[in-house]
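Chains, contacts and geometry: an overview
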Amino acid sequence: MLTSELYRIGKNKKSLLFICLLFVIPFVDLLMNVYANFFDYWLHPEAYGGKLSRENLLHPAYASFLSGTSQGHVAQMLLIWILPLYILLIYSDFYILEKKIGYSHITYTKCSRSELLKARFFLSFFLPFIILLSSLLLNFVLSLIIFNGGQNFMGLEMYPDHNVTLLTLSLKHPYIAYIIYLFVFAILAGCCGLMCTALSLLFPHYKYVYPAAFFIWILQIMLPNSLTYLMQPFIEYGFREIIPAGILFVAIVFIFLLSAWQYKVKFDEL
């Protein structure tokens, strides 16, 4: 079942297009940081003594995508704020099309209902997780190469005694902190995939699922304890803000996941 689902994704031009886009956006963000840090030096190297000092060069972890240091945070908003829409377009809305054309009944004859749901929920988590993890790891590796030796945290490093324990730890161990945030973001993307698929199973109509997925996600971002606090390192928010945000989102995902499972396995036909 997993193989056939992966084959469908590999043959779907829409899915491949948006997978590629999730790799392009962090790359564009990196180019914006390269322009901001190196352009003036390239024009006037003599003003910098022929070499950029480490103090003037962004730290590689701080130059990476999740830190949100590019001008205007445009790339971050394009990826993070509408992440559910990408996930739906890549895979999580497949069931809506199947239901629309009557293919869902044929799919059910190939395996049991529970097996099909397990496969789809697994892929709904695994695909966003591995795509975003791969994309942001590539972005991080390129930042390590381009900004090698950089020590600039845009002023944060000038104030070592922070009231926020998490920020202090992040500045002391920036590479470890960034890798942890990267994995957390990938896990959140996977959870978002589960939520999107659950919504598609519960309300198999594009006009309901896309607005609902976007609204639930953007609401988590706009709340006082924003979900973005779990995604962005080197900010002034600590465990007091990120733990409630994480618990709330996971609870929402679990409720939709359990509801979709119960409804499809016990009360409805695929």
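All figures in this text were calculated on a predicted structure; none of them were measured in a lab. The numbers attached to residues start from 1 for each chain and follow its sequence in the written order. Thresholds applied to this predicted model are a pLDDT of at least 70 for local features of residues and 80 or more for the giving and counting of side-chain atom pairs; totals over whole chains, interfaces and linings are not thresholded and use all residues. Only heavy atoms go into the side-chain values, all of them from the structure, while hydrogens and water stay out.

1. Things to note about the overall build of the protein chain
- Secondary structure counts use DSSP, requiring at least four H or I residues in a row for a helix and at least two E residues in a row for a strand, with both numbered from the N terminus. Assigned secondary structure in the protein chain consists of twelve helices and zero strands.
- Starting at the N terminus, the α and β elements of the protein chain follow one another as α-α-α-α-α-α-α-α-α-α-α-α.
- Here the C-alpha coordinates of the protein chain stretch approximately 70 × 40 × 30 Å along the principal axes.
- Working definition: with a 1.4 Å probe on protein chains only, accessible area under 20% of the residue-type maximum means buried, over 50% means exposed, and in between means partly exposed. Taken over 270 residues, the protein chain has a buried fraction of 49%.
- Of all intrachain contacts in the protein chain linking residues separated by at least 6 positions in sequence, the fraction that spans at least 24 positions is 80%.
- All accessibility values rest on the Shrake-Rupley procedure with a 1.4 Å probe; residue burial counts only the protein chains present in the view. Accessible surface computed for the protein chain: about 13,700 Å², of which carbon and sulfur atoms make up 69%.
- In this tally, Asp and Glu contribute negative charge and Lys and Arg positive charge; neither His nor the terminal groups of the chain are included. Each charge is placed at NZ for Lys, CZ for Arg, CG for Asp and CD for Glu. Averaging the positions of the 17 positive and the 14 negative side-chain charges in the protein chain gives two centres separated by 15 Å. Residue contacts are counted whenever heavy atoms from the two residues lie within 4.5 Å of one another.

2. Examining the packing of helix 2 (residues 13–43) against helix 5 (residues 83–92)
- Axis definition: a line fit to C-alpha positions, over the contact stretch in the case of helices; interaxial angles, taken between N-to-C directions, run 0 to 180 degrees. Close contact between helix 2 and helix 5 brings their axes to 8 Å; oriented N to C, the two are set at 145°. As for the relative orientation of helix 2 and helix 5, their crossing is left-handed in sense. The residues of helix 5 that touch helix 2, namely those facing Lys-14, Ser-15, Phe-18, Ile-19, Leu-21, Leu-22 and Ile-25, are Tyr-86, Leu-89 and Ile-90.
- Here the nonpolar group is Ala, Val, Leu, Ile, Met, Phe, Trp, Tyr, Cys and Pro; Asp, Glu, Lys and Arg are the charged ones; every other residue, Gly included, is treated as polar. The residue inventory of the contact of helix 2 with helix 5, partitioned by class, reads eight nonpolar, one polar and one charged. When the near helix sits turned anticlockwise from the far one by under a right angle, the crossing is termed left-handed; a clockwise turn instead gives a right-handed crossing.

3. Re the state of the cysteines
- The term disulfide is used for any two cysteine sulfur atoms that are within 2.5 Å. The full count for this structure, using the stated rule, is zero disulfides.
- Between Cys-196, a cysteine without a disulfide, and Cys-192, which holds the nearest cysteine sulfur, the sulfur-to-sulfur distance is 4.2 Å.

4. A few points about the packing of helix 1 (residues 2–11) against helix 8 (residues 113–146)
- Running from N to C, helix 1 and helix 8 cross one another at 50°; their axes reach a closest spacing of 10 Å. Compared by their axis directions, helix 1 and helix 8 come out oblique. Crossing of helix 1 against helix 8: the hand is right-handed. Note on element contacts: helix 8 touches helix 1 through Ala-119, Arg-120, Phe-122, Leu-123 and Leu-127, opposite Leu-2, Glu-5, Leu-6, Arg-8 and Ile-9.
- Looking at side-chain class alone, the contact of helix 1 with helix 8 contains seven nonpolar, no polar and three charged residues. An angle below 35 degrees is read as roughly parallel, one above 145 as roughly antiparallel, one from 65 to 115 as roughly perpendicular, and any other as oblique.

5. Structural notes on the pattern of salt bridges
- A pair is scored as a salt bridge if a Lys or Arg side-chain nitrogen falls within 4 Å of a carboxyl oxygen belonging to Asp or Glu. By the definition in use, this model includes one salt bridge.
- The partner of Lys-14 in a salt bridge is Asp-93, and the shortest N-O contact between them spans 3.4 Å. Taken together, the residues span a long stretch of sequence, with Lys-14 in helix 2 and Asp-93 in the loop between helix 5 and helix 6 (94–101) at a distance of 79 residues.
- Look at Lys-14 and you get partly exposed, because its relative accessible area is 31%.
- Under the relative-accessibility criterion, Asp-93 is labelled buried at 2%.

6. A closer look at unusual backbone geometry
- If you check the backbone angles, Met-154 has positive phi at about 55° while not being a glycine.
- In this model, Phe-234 sits at a positive phi of 65°, which is unusual for a non-glycine residue.
- Checked against the element boundaries, Phe-234 lands in the loop between helix 11 (206–222) and helix 12 (239–267).
- A relative accessible area of 5% places Phe-234 in the buried class.

7. Section: the packing of aromatic side chains
- What counts as a ring pair is set by centres within 6.5 Å for rings of Phe, Tyr and Trp (its six-membered ring), and what kind of pair is set by the plane angle: stacked under 30 degrees, edge-to-face over 60, tilted for all other angles. In total, this model carries 15 aromatic pairs according to the counting rule given.
- Plain terms: the ring middles of Phe-38 and Phe-147 are 5.6 Å apart, the flat faces sit at 45° to each other, and that makes the pair tilted. Of this pair, Phe-38 sits in helix 2 while Phe-147 sits in the loop between helix 8 and helix 9 (165–172), placing them 109 residues apart in sequence. For the residue pair Phe-38 and Phe-147, the accessibility class agrees, reading buried in each case.
- Between Phe-140 and Tyr-178, the aromatic rings sit 4.9 Å apart at their centres with planes inclined by 25°, giving stacked as the arrangement.

8. Focus: a nonpolar patch on the surface
- To count toward a patch, a residue needs a relative accessible area over 30% and no salt bridge; like charges are then connected within 9 Å, while nonpolar side chains (Val, Leu, Ile, Met, Phe, Trp, Tyr) are connected within 5 Å. A cluster of nonpolar side chains, Val-74, Met-77, Leu-78, Trp-81 and Met-222, forms an exposed patch at the surface whose accessible area comes to about 450 Å².
- Residue classification places Met-222 among the exposed positions, given a relative accessible area of 55%.

9. Looking at the nonpolar core
- Among buried residues, those of type Ala, Val, Leu, Ile, Met, Phe, Trp, Tyr and Cys that are joined through side-chain atoms within 4.5 Å constitute a nonpolar core. Of all hydrophobic cores here, the largest spans 81 residues; its most connected members are Phe-65, Leu-79, Leu-83, Phe-185 and Phe-249.
- In terms of residue count, helix 10 (residues 174–202) provides more of this core than any other element does, 16 residues in total.
- Dropping the residues within four chain positions of it, Phe-249 is found in contact with Leu-188, Cys-191, Cys-192, Met-195, Trp-217, Gln-220 and Leu-227.

In short, geometric facts, not functional conclusions.
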